[in-house]
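Architecture and fold: a report
Read off the chains here:
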Amino acid sequence: MLVIFSCFSITQAYAQRAGQSISVQYGVVTAGKQVDLNSGAVPQGAVVGGALGLASARGKKSSKRTRNTIIGAVAGSAIAGSAQGDTRGMIYSVALTGSAGEMQVVTDQREIRIGDCVAVEKAGETANLRRVSDGFCDEANAKAVEELAEESIEEASECEMAKDAVVNAATIEEAELAAVKMRLLCDD
C-alpha cells in the first residue's frame, strides 16, 4: 500500500522526545477489515496504531519490552486485549484530505466505522486514530483546520505521552492508571 504525504494536509511539530515529530492528517475511513494481530498480516507501508506494539515501538531493550508488554496486558488489556486472549484488531484504509492519497493503519482500535472522519496522529512509526468532527474532512474548512494545527498537535502529543507512560510503568498499579489515561486521551 502506498502512503503519500502532502505538506498541505500534514501538520507537524516537535513532540516531547528529542528528534521525534508528530504529524496529524485528516481523512475518511473507506474500509475496515478485522485481522488477528498475532498473524503478522500487517501490510507493507501500513502504520501501527492504538496500544498495539507500544513496547516494541519504543526501541527499548528486549527485557524491558517484555516486562512492559506483560504489565500492559495486565493493565486493562492495554496491549491488544491479550489479557482476555483477544487478539482481534483492524486494518483501516483512510482517504486523506487534500489529495494526499490513502493510508492504512493497523490497530487494536475496533470502534471506528467506515465513513468516520478521523485524525491520523503519527509519532515515529506508530499512529493513533481518533474520530473527529466531519468538518475536519471538509475541504471547505481547510483554512480553519490549518489554524487549529497547534491544538491538534497538542492533543496528539498528550496521547503519545500517555502511551509512553504505559510503556514506562514500573508497577502494575502504575500501568493500570496509565492505561486508563491513555484510553481517555487517545480514543475519541
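Residues numbered from 1 in each chain as written. Predicted model: local features only at pLDDT ≥ 70, side-chain atom pairs only at ≥ 80, totals over all residues. Heavy atoms only, no water.

1. Looking at the pairing of strand E4 (residues 88-96)
Most of E4 is tucked away: seven of the nine residues are buried. The pairing of strand E2 (residues 21-36) with E4 spans nine bridges and is antiparallel. Residue pairing across strands places valine 35 opposite glycine 89, the latter belonging to E4. Pairing analysis gives six bridges linking E4 to strand E5 (residues 102-107), with the strands arranged antiparallel. Considered in E5, the bridge of valine 94 is made with methionine 103. (Buried < 20%, exposed > 50% of the residue type's maximum accessible area, 1.4 Å probe, protein only. Helix = DSSP H or I, 4+ residues; strand = E, 2+ residues; numbered from the N terminus. Pairing = 2+ DSSP bridges.)

2. Brief notes about a negative patch on the surface
Taken together, Glu150, Glu151, Glu154, Glu155 and Glu158 make up a surface patch of like negative charges. Of note, glutamate 155 is situated in helix H3 (residues 149-168). (Patch = residues over 30% accessible without salt bridge, like charges linked within 9 Å, V, L, I, M, F, W, Y side chains within 5 Å. Areas by Shrake-Rupley, 256 points an atom, 1.4 Å probe, with all protein chains shown as cover. Salt bridge = Lys/Arg side-chain N within 4 Å of Asp/Glu carboxyl O. Lys, Arg positive; Asp, Glu negative; His and termini not counted. Charge placed at Lys NZ, Arg CZ, Asp CG, Glu CD.)

3. A short note on the nonpolar core
Within soluble globular proteins, side chains that are nonpolar tend to cluster in buried spots. In terms of nonpolar packing, the biggest core is built from 12 residues, these being Val29, Met90, Tyr92, Val94, Leu96, Ala100, Met103, Val105, Ile112, Val118, Val120 and Leu129. At the level of elements, E4, E5 and strand E6 (117-123) are the ones that each hand at least two residues to this core. The element best represented in this core is E4, accounting for four residues. If we ignore the near neighbours within four places in the chain, the residues touching valine 120 are Ser23, Val24, Gln25, Val94, Leu96, Met103, Val105, Asn128 and Leu129. If you look at the next biggest cluster of nonpolar residues, it comprises 10 residues, including Ile22, Tyr26, Ala123 and Ala156. (Core = buried A, V, L, I, M, F, W, Y, C linked by side-chain atoms within 4.5 Å. Contact = heavy atoms within 4.5 Å.)

4. Focus: the confidence of the model for the protein chain
Model confidence for the protein chain is summarised by a mean pLDDT of 74, while 64% of its residues fall at 70 or above. Ranking the elements of the protein chain by mean pLDDT puts strand E1 (residues 11-14) last with 39 and helix H2 (residues 142-147) first with 94. (pLDDT = per-residue confidence, 0-100.)

5. So, H3
Between its terminal C-alpha atoms H3 stretches 28 Å, which fits the 28 Å expected from 20 residues at 1.5 Å a residue. Among all positions in H3, only Ala149, Ser152, Ile153, Ala156, Ser157, Cys159, Glu160, Ala162, Lys163, Asp164, Val166 and Val167 are buried. (Expected span 1.5 Å × (residues − 1).)

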